[in-house]
Structures are given as structure tokens and as C-alpha cells.
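Now for the letters of each chain:
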Amino acid sequence: MALKRGLSGVNRIRGGGGSRSAFILLVFFCVFAPLVFFVGRGVYIDSSNDYSNDSLKQDLDWRERLAMQSLRSLFSKEASVLDVITASTADLGPFSLDSFKKNNFSASYREVDTSVRNSQNQTTSSAMNAKRDITSKGSGSHQKVETPAKFYRRQLREKRREMRANELVQRNDDTILKLENAAIERSKSVDSAVLGKYSIWRRENDNDNSDSNIRLMRDQVIMARVYSGIAKLKNKTELLQELQARIKDSQRVLAEATTDADLPRSAHDKLRDMGQVLSKAKMQLYDCKLVTGKLRAMLQTADEQVRSLKKQSTFLAQLAAKTIPNPIHCLSMRLTIDYYLLSPEKRKFPRRENRENPNLYHYALFSDNVLAASVVVNSTIMNAKDPSKHVFHLVTDKLNFAAMNMWFLLNPPGKATIHVENVDEFKWLNSSYCPVLRQLESAAMKEYYFKADHPSSGSSNLKYRNPKYLSMLNHLRFYLPEVYPKLNKILFLDDDIIVQKDLTPLWEVNLNGKVNGAVETCGESFHRFDKYLNFSNPHIARNFNPNACGWAYGMNMFDLKEWKKRDITGIYHKWQNMNENRTLWKLGTLPPGLITFYGLTHPLDKSWHVLGLGYNPSIAKKDIQNAAVVHYNGNMKPWLELAMSKYRPYWTKYIKFDHPYLRRCNLHE
């Protein structure tokens, strides 16, 4: 019985265990089997993805892997570390961050990613095919595989090329950007330019305070004239009349206006009306060829007018330079009348004993202008340290002799000595002795000066037709020893200069055996001998250097002892006789002076004598202020209305305009 019970208990246990195992199997298949299925599928998908990525990387970077395999043999430890890192990264499976990023996106991204993968797969396949071709060719031809060092150098070269290409592209972009910015700025400046400017590109014509309305109206009148000519050709009578009416209106508004402030209030209305008519004319008449032709014709006409006006201006300027202003003529006449009213005793100057004293400072001044001579004397005395040692020898013509005497009798220059002479009383100065006088009396010279239709009467020769060349006062400078036989040294001054410093140091200058002390005027290529002399003449070409430096008259220290030794006057007579037909030089005294004193001129420091205030508007103010003598050589003399206003005060400050004679003759600053 007991045995039966035991067997029956075992059987129950077995029966219960069978049912339990069946239950476990049921749970496994229902729960764990799907879990294992999905986990396995995730592992498979991740591994497949990793495999596809790895294959892509292998296919694309097969050269790098080849280099890594070669390096692993050299660096085994580094290779093992790389393997460990690669394995640990691959073992993450579906739980890796890469896998999560790739699989946890939206459907739209997956579609894009799928297309990208397809293209990558195509690229991979083509890369694999290329690789197989290369491998087959390499194996067939037994070529050696590229070494890592060569591969590395090739990579460096490719990187350098890429960097250089990028630099060139960047430079090109920068250049284009700069050009674009410059073009933008240029267009802005053009757009902001004042209408009516005749040349917006020339800086000298650029004026911040330009009168734009006047310029615009003038430009409108020009274009209206162009369109009126075209309208006449095309029989547009109504438009022609309208244009002509607007031209007359604009001309009335302009009248004598020179600035916008001079324009009437109706100017803006006229501008608007003219602009409307021009717009209408442009729509109806504009033809590029016709407009260009009209403008060209107007330009040629204007050019001819400018040439004519230029000639007329030159002639008038020369004429103005030759004449004496009415106030100065009035002064001379009044002084002359009063001089002859004086008794003979009152016509004498004091200190007559100083006239021939060689120990004093002597000046020679030849002039027929009373006011100009007074400025030279006054400026010299006002800047002299000891005026009592200065002697002024004035020579004038018989027309102004009385006036010159009377002025200095009424206005004695302090303690200085004044000596006035009449050139017409020099009996030795006659045509038999002086070649210039003989030539001036010849029929050819009279024809040259006084015949109006002479071929040489053009504007280019006007300056040589100045009456001063007919006066012996201009040529008397070549006869200084004859005029002052008892003097050793004399300082020659022109009447268009002013003195700003004490001139006594000039008498201490060593001329080194030369006759003439003067300031040289030559620059790099101008004011040299070839400017004044005719070097096509064999006499000139044989005896002188065309590049020799010129010098200036106006302030010259002459050594009269050396003058007599070298017979300077004889040299002058020789060359003057050779130039009777004016084939060696034009008229004047500087060319014969250059010839006569050739090799006999000592150059003085330029600060002694600054020239050009009668023609050059760009002389530095510092040079003028530092100069001992300032020279108004040129046509714009300071006593003429032609004078440059910025230079005139240097001259007028030595004139007392409250003098009764000056007030009567209306002489003022």
C-alpha cells in the first residue's frame, strides 16, 4: 500500500510539472518570442545600416583605408586602439545615437533620406566599379600601389591648389566689390552734381557756391536753340515759335545777372516753363544725328568767337598796358603847371654835392611815370637804415621832367638826395653814336610800328609794338658810364618795383670781376637763351649756348669800372648793328642785355629779387614777404586797373592817398 502511495505521489508530481512546463512554453511563445523577434530585427536593421554606411565609406575612402592598413603595421598599438574604438562604436547597435537620429525622424525626412541613400548607393556602385577597373588594370600591368608618403604629399598639393583657388576667388570678389562700390559712389556724385555745370569732372570748375539757376538757364537756352533749328528744318512752326518765345523770356531774366541773387522772383517760373517746352521738343524732334550736328556747329561758332575775343582781349590788354591812366596823367599835368609857376631859385634840390660822391649808395631810375617813381623812392627810403647815404638819379623825358621835379620838391624823401635829369638834354646821345636811335628813325622801323596792315601786326607781336621800345629811356641802361662817369658802382632799378628791405648789403657783394649782378630766372626748360634769341641765325648759334640761364632786369648791381674796362657799350653797339633787320632777336632790352653781359653776370641770391607780380597769380606769399625787391613785370602793373588785386596792396601802402594832388586827380586805393 505504501509503495502504491509513493508511486501515485510521484505520478502526481510529474503530471503537475508537465502542465507547468506547458504553461511556461506558452508564455515564452506569446511574450518573449515577439520581443526577441523585434530586438533581433532592430539589431539586423542597425547592422545592415552600419554595413551599408561602412561599405559606402569603404568605397569612397578606399585610398584612406589602404593608407591606414599600411600604417597599422608600423603602429600596432595605435591600430589596436582604433579597432577597439571602432568595435565599441559598432556594438551600440540600435541604441547608438546615430541610429536614434537616423530612425527617429518624420516621414518626410525619411523620404528625402531614402532618395539621398539611393543616390549614394549609385555613387557607391560607380565608385566600386571604378575601383575594380583600377585594381584590374594595376594587377594586369603589375603597377605598384601608391605609397602613403606620396599619397600624403599629393593630398597636401591638392589642398594648396584648393587654398590658392579660394584666395584668387576671394581676391576677385574683393576687387569686384571695390569696383562696384566705386561705381556707386561715382554715380552718387554724378547724380548730386549741380545741373548746368559745363564740366563736372574738372575740379577747378567745382564750386560749392555755384550759381546753379543761372547755369541751368543758360544750358536751357542752348538746348532751346538746338531744338529751334531742328523745328525750323521740320516745319514745326508752332513749336518753333514757342521755343523762340521761351528763349527771349530766359534772356530777359538773365539780362546782366551774374549770380542767383541777381535773378528776379520769376526766374523759377521761367525755368519750369522752359523745361516743359524742352521736354515737348525732345518728344517731337529728338534725333541723335541732328542734335549732334547742331551742337557741333554751335561749338565751332563759339570756338571762333572765343578766338576772336581772345585776340581782342590781348590787343586791349596790350593797349591798356601802354597807356597812362587819366588820374596819373592829371597828376603829371597839375605838377607841371605848378612847377613852372615856381621861381628858378625854388626849383633846385638840396645836397647837390652828394650826386657824384662815390662813397654813397647810388640808384639809377629811368621813368616817365611820376607816381611809380615816387613809390620806388619812398619804399627804398622807408626800409633804409641810413637814408642820408642814399642818392637817387632819376632820368625822365622832357614831357614829364617838370612834373618829376615838382613832386620831389613837394615831397622830399627825408635826408636822401634827389637828382632829376632830362634824357633829351644828353647831347652825346644821338643817332650817329647810338645804333638804336638810328634804327628807330629808319623808314622800315616806322612802317613796322605805325603801319596798321603790316603782316606782323597780329596779336602774337603786339607786345613788341609797345611804345616803350621807341623811348630812349628804355635803352639808356646800356650807357650808364656815360651818364654817371664819376661813379664806381650803381644799382639799377625799374619803376615797376617796390623795395621791402635795406639794399645797402648789395654794395658789399663781391661780383668776382663780373660787370652785372642779377638774379637768374631760368627754370628747368624756360627763361633760357633759346627763348629770347634766334639760334637759327649762325651768328647766335656760334657764340652762345641755347641752354644758358637767363636773368632779369629790374634790380641790377653794375660795376662801372669793369664796364669801362670790358667796353660793354661797344659790345652792345656791335650786336645792335647786326640786328638792324631784327633777325637776331625781337625788340626789347633783355635780349641785347643777355648778349652784352654773356659770361659777365654774377648770380645773386633769389631772395633779393622776386618777379612775376604783373602776370603770375600763383607766387607764394612767403616768397613775396621774404623778398628784398618785388617786381611787377608784365602787363598787370599795379597802377592799372588790370592789376591783380591780391598783389596791389604791396604797392599802394607806399602811397599817401590823402595827398592834395592825388585827391584832386581822383587817385585812390
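About the criteria used
Residues numbered from 1 in each chain as written. Predicted model: local features only at pLDDT ≥ 70, side-chain atom pairs only at ≥ 80, totals over all residues. Heavy atoms only, no water. Pairing = 2+ DSSP bridges. Helix = DSSP H or I, 4+ residues; strand = E, 2+ residues; numbered from the N terminus. Axes fitted to C-alpha atoms, helices over the stretch in contact; angles between N-to-C directions. Contact = heavy atoms within 4.5 Å. Parallel < 35°, antiparallel > 145°, perpendicular 65-115°, else oblique. Buried < 20%, exposed > 50% of the residue type's maximum accessible area, 1.4 Å probe, protein only. Right-handed = clockwise from strand over helix to strand, strands pointing away. Core = buried A, V, L, I, M, F, W, Y, C linked by side-chain atoms within 4.5 Å. Phe/Tyr/Trp six-rings, centres within 6.5 Å; stacked < 30°, edge-to-face > 60°. pLDDT = per-residue confidence, 0-100. Salt bridge = Lys/Arg side-chain N within 4 Å of Asp/Glu carboxyl O. Patch = residues over 30% accessible without salt bridge, like charges linked within 9 Å, V, L, I, M, F, W, Y side chains within 5 Å. Areas by Shrake-Rupley, 256 points an atom, 1.4 Å probe, with all protein chains shown as cover. Disulfide = S-S within 2.5 Å. Left-handed = near helix turned anticlockwise from the far one by under 90°. Nonpolar A, V, L, I, M, F, W, Y, C, P; charged D, E, K, R; others polar. Lys, Arg positive; Asp, Glu negative; His and termini not counted. Charge placed at Lys NZ, Arg CZ, Asp CG, Glu CD.

A.B. asks: So, the sheet that holds strand S2 (residues 390-396): which residues are in play, and what are the values?
C.D. replies: Taken in spatial order, the 7 strands make up an open sheet running S3-S2-S1-S4-S7-S6-S8, and their pairing is mixed. Two strands bound the open sheet, and with one partner strand each, they are strand S3 (417-422) and strand S8 (601-603). Across the sheet, the mean angle separating the axes of adjacent strands is 25 degrees when strand polarity is ignored. Note that S2 and S3 share 6 bridges and pair parallel. What sits directly across from Leu394, in S3, is Val420. Running at roughly 175 degrees to S2, helix H12 (residues 370-382) makes contact with strand S1 (361-366), S2, S3 and strand S4 (489-493) of the sheet.

A.B. asks: So what's going on with the sheet that holds strand S5 (residues 497-499)? Residues and values would help.
C.D. replies: Spatial ordering of the open sheet is given by S5-S10-S9, a layout of 3 strands whose pairing is mixed. Sheet topology places S5 and strand S9 (609-610) at the edges, where each strand pairs with a single neighbour. Where S5 meets strand S10 (residues 629-631), 3 bridges bridge the pair, whose relative direction is antiparallel. Residue pairing across strands places Ile498 opposite Val630, the latter belonging to S10.

A.B. asks: Kindly report on the packing of helix H11 (residues 326-340) against helix H13 (residues 401-410), identifying the contributing residues and their values.
C.D. replies: Taken N-terminus to C-terminus, the directions of H11 and H13 make an angle of 80 degrees; their axes are 7 Å apart at the nearest point. With respect to H13, the element H11 is oriented roughly perpendicular. From H11, Leu331, Ser332, Leu335, Thr336, Asp338, Tyr339 and Tyr340 reach across to H13, where they touch Phe401, Ala402, Ala403, Asn405, Met406, Trp407, Leu409 and Leu410.

A.B. asks: Help me get a handle on the pairing of S3, residues and values and all.
C.D. replies: Within S3, 6 of the 6 residues are buried, which leaves it mostly tucked inside the rest of the structure. Each parallel crossover has a hand, and the one from S2 via H13 to S3 is right-handed.

A.B. asks: I'd like a rundown of the nonpolar core, residues and numbers included.
C.D. replies: In this structure, Leu331, Leu394, Leu491, Leu503 and Leu506 are the most contacted members of the largest nonpolar core, which totals 63 residues. At 8 residues, the largest contribution of residues to this core is made by H12. Excluding its chain neighbours within four sequence positions, the residues that come into contact with Leu503 are Tyr363, Leu491, Trp608, Ala628 and Val629. Listed in part, the 47 residues of the second largest apolar core include Phe478, Val483, Leu587 and Leu594.

A.B. asks: Let's hear about the pairing of S4: which residues, and what values?
C.D. replies: Most of S4 is tucked away: 4 of the 5 residues are buried. Here S1 pairs with S4 via 3 bridges, running parallel. Note on S4: the bridge partner recorded for Leu365 is Leu493. Pairing between S4 and strand S7 (residues 555-559): 5 bridges, direction antiparallel. Looking across to S7, one finds that Leu491 is bridged to Met557.

A.B. asks: Mind laying out the packing of aromatic side chains, listing which residues take part and the relevant values?
C.D. replies: If you walk through the whole model with that rule in mind, you get 23 aromatic pairs. Taking the centre distance of 5.5 Å and the plane angle of 75 degrees together, the rings of Tyr339 and Tyr340 count as edge-to-face. When the ring of Trp428 is compared with that of Tyr479, the centres are 6.0 Å apart and the planes differ by 55 degrees; the resulting orientation is tilted. Here Trp428 is found in the loop between S3 and helix H14 (435-440), whereas its partner Tyr479 is found in the loop between helix H16 (472-475) and helix H17 (480-483), with 51 residues between them in sequence.

A.B. asks: So, the confidence of the model for the protein chain: which residues are in play, and what are the values?
C.D. replies: Within the protein chain, residue pLDDT values average 77, and 69% of them lie at 70 or more. Predicted confidence is poor over residues 42-53, with pLDDT under 50, and the contacts of this stretch with residues over four places away or in other chains come to 10 contacts. For residues 190-209, every residue scores under 50 in pLDDT, and the model assigns this stretch 22 contacts once sequence neighbours within four places are set aside.

A.B. asks: An account of the pattern of salt bridges is requested, with residue identities and associated values reported.
C.D. replies: Note on pairing: side chains with opposite charge can pair once their charged atoms come close. Evaluated as defined, the whole model comprises 13 salt bridges. Residue Arg246 is joined to Asp249 by a salt bridge in which the shortest nitrogen-to-oxygen separation is 3.6 Å. Residue Arg246 and its partner Asp249 are both found in helix H8 (residues 237-254); the two are separated by 3 residues, about one turn of the helix. Accessibility expressed as a relative area gives 24% for Arg246, which makes it partly exposed. Residues Lys486 and Glu356 are paired through a salt bridge, measuring 3.2 Å at the closest nitrogen-oxygen approach. Residue Lys486 is located in the loop between H17 and S4, and its partner Glu356 is located in the loop between H11 and S1; the two are separated by 130 residues in the primary sequence. Relative accessible area serves as the criterion here: at 54%, Lys486 is assigned to the exposed category. By relative accessible area, which is 45% here, Glu356 ends up partly exposed. Because the salt bridges share partners, they merge into one network encompassing Arg246, Asp249, Arg252, Asp269, Arg272 and Asp273.

A.B. asks: Give me the lowdown on H13, citing residues and values where you can.
C.D. replies: Burial analysis of H13 places 8 of its 10 residues in the buried class, the great majority of the element. Buried residues of H13: Phe401, Ala402, Ala403, Met404, Asn405, Met406, Trp407 and Phe408, and no others.

A.B. asks: So what's going on with a nonpolar patch on the surface? Residues and values would help.
C.D. replies: A surface patch of nonpolar side chains, about 260 Å² in accessible area, is lined by Phe315, Leu316 and Leu319. In this structure, Leu319 sits in helix H10 (residues 288-322).

A.B. asks: Any details on the state of the cysteines? Residues and values, ideally.
C.D. replies: One way to say it: the disulfide is the covalent bond shared by the sulfur atoms of two cysteines. Counted according to the given criterion, the structure contains 2 disulfides. The disulfide partner of Cys330 is Cys665, and the gap between their sulfur atoms is 2.2 Å. With the S-S bond torsion at -75 degrees, the cross-link from Cys330 to Cys665 turns out left-handed. Of this pair, Cys330 sits in helix H11 while Cys665 sits in the segment after helix H25 (660-664); the two residues are 335 residues apart in sequence, bridging distant segments of the chain.

A.B. asks: Just give me the short version of the packing of helix H7 (residues 212-233) against helix H9 (residues 267-285), but keep the residues and values in it.
C.D. replies: Here H7 crosses H9 at 35 degrees, and the two axes come no closer than 10 Å. For the crossing formed where H7 meets H9, the hand is left-handed. Two secondary-structure elements touch here, H7 through Asn213, Leu216, Met217, Gln220, Met223, Ala224, Tyr227, Ile230 and Ala231 and H9 through Ala267, His268, Lys270, Leu271, Met274, Gly275, Leu278, Ala281, Lys282 and Leu285. Each residue belonging to the contact of H7 with H9 can be placed in one class, and the counts come to 13 nonpolar, 4 polar and 2 charged.

A.B. asks: How would you summarise a positive patch on the surface if you had to cite specific residues and measurements?
C.D. replies: Residues Lys150, Arg153, Arg157, Arg160, Arg161 and Arg164 make up a contiguous surface patch of positive charge. In this fold, Arg160 is placed in helix H6 (residues 148-191). What makes Arg160 partly exposed here is its relative accessible area of 44%.

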